[in-house]
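Remarks on the overall topology
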Amino acid sequence: MFTPVRICPSILSADFAHLGDDVATVAAAGAGYIHIDVMDGHFVPNLTMGVPVVKQLKRCTDVPLDVHLMISNPLTQLPWFIEAGADMLTVHAEAVDEQGLADAVRLIRDAGVQAAVAVKPATPISAVAPVIEEVDMVLVMSVEPGFSGQSYLEGSEDKVAEVVRMARERGCAPLIQVDGGIGRETAPRVCACGADLLVCGNAVFGADDPAQALRDIQTCGQRARKEGAA
Ligand code: DX5
Ligand code: ZN
């Protein structure tokens with residue numbers, strides 16, 4: 001079955017003084033998820049937002065909330081994000097040990113929320129192997145996590161292809177999301193290798209017309225994906 005490419009605008013690049021308006025704009029343009037970057041100033045150097053933002057956004061949009069946890073203690077905080085209304089919760093493989101990752105995925109799924117595992121650029125895809133059959137999504141970071149507006153790291157598309165291969169071998173089909181430096185030029189490259197979901201911060205909210213930018217990136221990603229699958 002062919003899965004359409006969907007865009008997950010990252011609100012880290014939105015205007016926080018008008019967050020509701022920015023979210024409404026990308027929702028009307030067809031955003032697949034709203035991507036929320038939670039950073040704790042410890043797992044990554046930057047400090048961003050947390051549970052209260054998820055709770056507030058849940059009240060103002062019907063678009064599912066995709067919460068990317070860049071925090072050192074996901075097992076402690078997961079219940080709070082579940083309670084706040086997250087629809088997808090992503091835990092970094094580097095933040096926990098193998099047992100902790102399995103426990104996190106089970107905790108999320110038992111709550112009826114979609115579970116995902118993320119890997120930093122230097123982390124091999126083998127780190128997701130123990131949970132690939134249990135997760136709804138694998139997130140391949142194409143920049144070092146911590147800041148929006150960075151340049152796409154060359155070769156990240158090879159990691160997308162590796163996830164596709166591993167999933168095929170195991171007979172499972174998690175969604176594959178790519179995050180960092182994704183725009184009109186890089187979207188086709190990752191989609192040709194099998195990416196389903198594209199996180200876009202700067203390329204959407206930094207554009208003169210965010211709705212048009214979202215649709216353009218989606219269209220060129222979708223085209224490349226069809227060609228890649230052909
Ligand atoms: C980086 C975050 C990203 C970031 C993407 O650590 O996980 O979601 O906001 O921003 P762009 O698309 O501008 O690279
Ligand atoms: Zn992110």
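Quick look at the structure, then.

Thresholds applied
- Residues numbered from 1 in each chain as written.
- Chains lettered and ligands numbered in written order.
- Predicted model: local features only at pLDDT ≥ 70, side-chain atom pairs only at ≥ 80, totals over all residues.
- Heavy atoms only, no water.
- Near = heavy atom within 4 Å.
- Polar contact = N/O pair within 3.5 Å; in protein donor to acceptor, adjacent residues only side chain to side chain.
- Areas by Shrake-Rupley, 256 points an atom, 1.4 Å probe, with all protein chains shown as cover.
- Helix = DSSP H or I, 4+ residues; strand = E, 2+ residues; numbered from the N terminus.
- Axes fitted to C-alpha atoms, helices over the stretch in contact; angles between N-to-C directions.
- Parallel < 35°, antiparallel > 145°, perpendicular 65-115°, else oblique.
- Left-handed = near helix turned anticlockwise from the far one by under 90°.
- Contact = heavy atoms within 4.5 Å.
- Nonpolar A, V, L, I, M, F, W, Y, C, P; charged D, E, K, R; others polar.
- Pairing = 2+ DSSP bridges.
- Buried < 20%, exposed > 50% of the residue type's maximum accessible area, 1.4 Å probe, protein only.
- Arc of directions from axis to C-beta.

**A closer look at the site of ligand 1**
- What surrounds ligand 1 is a group of 20 residues, the closest being Asp-37, Gly-146, Gly-149, Asp-179 and Gly-201.
- At 2.9 Å from an oxygen atom of ligand 1 is found a side-chain nitrogen or oxygen belonging to Ser-10.
- Between Gly-181 and ligand 1, the recorded distance is 2.8 Å, taken from a backbone N or O atom to an oxygen atom.
- In isolation ligand 1 has 390 Å² of accessible area, and contact with the protein removes 99% of it.
- Those elements that provide at least two residues to the shell around ligand 1 are strand 2 (34-39), strand 3 (65-70) and strand 8 (197-200).

**Here we look at the packing of helix 2 (residues 51-60) against helix 3 (residues 74-84)**
- The geometry of helix 2 relative to helix 3 is characterised by a closest axis approach of 8 Å and an angle of 15 degrees between their N-to-C directions. When the axis of helix 2 is compared with that of helix 3, the two are roughly parallel. Pair helix 2 / helix 3 crosses with right-handed handedness. Residues Val-51, Val-54, Lys-55 and Lys-58 of helix 2 pack against Trp-80, Phe-81 and Ala-84 of helix 3.
- When its residues are assigned to classes, the contact of helix 2 with helix 3 shows five nonpolar, no polar and two charged.

**Some thoughts on the environment of Thr-3**
- With respect to the secondary-structure elements, Thr-3 resides in the segment before strand 1 (6-9).
- Thr-3 has contacts with Leu-175, Asp-196 and Arg-225, leaving out every residue within four places of it along the chain.

**A closer look at the sheet that holds strand 3**
- Spatial ordering of the open sheet is given by 1-8-7-6-5-4-3-2, a layout of eight strands whose pairing is parallel. Single-partner strands in this sheet number two, and they are strand 1 and strand 2. Taking the axes of each pair of neighbouring strands and ignoring which way they run, one obtains an average angle of 25 degrees across the sheet.
- The pairing of strand 1 with strand 8 spans four bridges and is parallel. Paired with Pro-9 across the two strands is Cys-200, which belongs to strand 8.

**Some remarks on helix 1 (residues 19-28)**
- Every buried residue belonging to helix 1 is among Leu-19, Asp-22, Val-23 and Val-26, and all of these are buried. The arc enclosing the buried residues of helix 1, seen along the axis, measures out at 95 degrees, which places them on a common side. Opposite its buried face, helix 1 presents the exposed residues Asp-21 and Ala-28, each directed more than 90 degrees away.
- Against strand 1, strand 2, helix 2, helix 7 (202-205) and helix 8 (210-229) lie the buried residues of helix 1.
- Where helix 1 ends, the next residue or the one after it, Gly-30, has phi of about 100 degrees, a positive value.

**Points about the packing of helix 3 against helix 4 (residues 98-110)**
- Two elements in contact, helix 3 and helix 4, have axes whose closest approach is 10 Å; the angle formed by their N-to-C orientations is 15 degrees. With respect to helix 4, the element helix 3 is oriented roughly parallel. Like other packed secondary-structure pairs, helix 3 and helix 4 cross with a definite hand, here right-handed. Along the contact surface, helix 3 presents Leu-75, Leu-78, Pro-79 and Ile-82, while helix 4 presents Gly-100, Asp-103, Ala-104, Leu-107 and Ile-108.
- Per-class residue counts for the contact of helix 3 with helix 4 are seven nonpolar, one polar and one charged.

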